[in-house]
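Observations on chain architecture
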Amino acid sequence: MGLRAELPVVGVVAAGGALGASARYGAGLLWPTPQGAFPWTTFTVNVAGCALLGALMVLVTERPTEWSTAPPHPLLRPFLGTGFCGGFTTFSTYSLETERLLSAGDPTRGLLYLGGTLVAALAAVGAGVAGARAVHARAGRGRVGRA
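How each quantity is defined
- Numbering of residues begins from 1 in every chain and follows the order in which that chain's sequence is written.
- The predicted origin of the model limits local features to residues at a pLDDT of at least 70 and limits the giving and counting of side-chain atom pairs to 80 or more, whereas totals for whole chains, interfaces and linings rest on all residues.
- Side-chain numbers come from the whole structure's heavy atoms, not from hydrogens or water.
- Comment: elements are numbered from the N terminus, with helices defined as DSSP H or I runs of at least four residues and strands as E runs of at least two.
- Partly exposed describes any residue whose relative accessible area lies between the buried limit of under 20% and the exposed limit of over 50%, with all areas from a 1.4 Å probe on protein chains only and scaled to the type maximum.
- Only heavy atoms matter for contacts: two residues are in contact if any of them lie within 4.5 Å across the pair.
- What sets the accessible areas is the Shrake-Rupley method with a 1.4 Å probe; for residues, cover comes only from the shown protein chains.
- A pair is scored as a salt bridge if a Lys or Arg side-chain nitrogen falls within 4 Å of a carboxyl oxygen belonging to Asp or Glu.
- Pairing of aromatic rings covers Phe, Tyr and the six-membered ring of Trp, with a centre-to-centre limit of 6.5 Å; geometry is then stacked below 30 degrees between planes, edge-to-face above 60, and tilted otherwise.
- Axes here refer to lines fitted to C-alpha atoms; in helices the fit is confined to the stretch in contact. Angles between the N-to-C directions go from 0 to 180 degrees.
- Note: crossing handedness is left-handed where the near helix turns anticlockwise from the far helix by less than a right angle, and right-handed where it turns clockwise.
- Throughout, the term roughly parallel applies to angles under 35 degrees, roughly antiparallel to angles over 145, roughly perpendicular to angles from 65 to 115, and oblique to all others.

Now for the overall build of the chain. In terms of helices and strands, the chain carries six helices and zero strands. When the helices and strands of the chain are placed in sequence order, the string is α-α-α-α-α-α. Going through the 147 residues of the chain one by one, you find that 29% of them count as buried. Pairs at least 24 residues apart make up 75% of the contacts formed inside the chain by residues separated by at least 6 positions. Of the roughly 8,900 Å² of accessible surface on the chain, a fraction of 70% belongs to carbon and sulfur atoms.

Structure follows, in structure tokens:
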């Protein structure tokens, strides 16, 4: 596939990334982290983004035609997954905040943040996947009951 054919994908990833990064920045403005404090905003954003990505992948890749008569638009996954969720979550800020906590002589909080984010993010992906599958199962039973 040539570069010209990839331009729409690059465009939707960029647009989704701009929206996701703007949402993350807005979260930081609404809930700023004081210097030296546990970075709850980044933690929450990363965990929420992982949950959203888990649910999105179920809806877009596992069950797309069961939710509607047409498959999802081919640009939906790169827009929401790579773009929005990729721009919303932030590994670089997570790494920097971990380093700052460790460098400030707070190894307990730094290591809790380091490990806690990883565990919570993985759990959030699993919860997003399970939640989307459960909603799909309930919606399927509802359609059968009305037939």
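Time to look at the pattern of salt bridges. Applying the stated rule across the entire model yields one salt bridge. The salt bridge partner of Asp106 is Arg109, with a shortest N-O separation of 2.6 Å. For Asp106, a relative accessible area of 18% corresponds to the buried category. For Arg109, a relative accessible area of 29% puts it in the partly exposed group.

This next bit is on the packing of aromatic side chains. In total, this model carries seven aromatic pairs according to the counting rule given. With centroids separated by 5.5 Å and ring planes inclined at 85°, the aromatic side chains of Trp40 and Phe43 adopt a geometry described as edge-to-face. Of this pair, Trp40 and Phe43 both sit in helix 2 (residues 40-62), three residues apart, roughly one helical turn. What makes Trp40 partly exposed here is its relative accessible area of 46%. Here the aromatic residues Phe38, Trp40, Phe43, Phe91, Tyr94 and Tyr113 are joined through ring pairs into a cluster of three or more.

The subject of this paragraph is the packing of helix 1 (residues 3-30) against helix 4 (residues 76-88). Running from N to C, helix 1 and helix 4 cross one another at 35°; their axes reach a closest spacing of 6 Å. Along this stretch, helix 1 crosses helix 4, giving a crossing that reads as right-handed. Between helix 1 and helix 4, the contacting residues are Val9, Val12, Val13, Ala15, Gly16, Gly17, Leu19, Gly20, Ala21, Ala23 and Arg24 on the first element and Pro78, Phe79, Thr82, Gly83, Phe84, Gly87 and Phe88 on the second.

Take the packing of helix 2 against helix 4 next. Across the interface, helix 2 lies against helix 4 with an axial gap of 9 Å and an inter-helix angle of 170°. Here helix 4 runs roughly antiparallel to helix 2, going by the angle between their axes. Each of Val45, Ala48, Gly49, Leu52, Leu53, Leu56, Met57, Val60 and Thr61 in helix 2 lies in contact with helix 4, whose residues at this interface are Leu76, Arg77, Leu80, Gly81, Phe84, Cys85 and Phe88.

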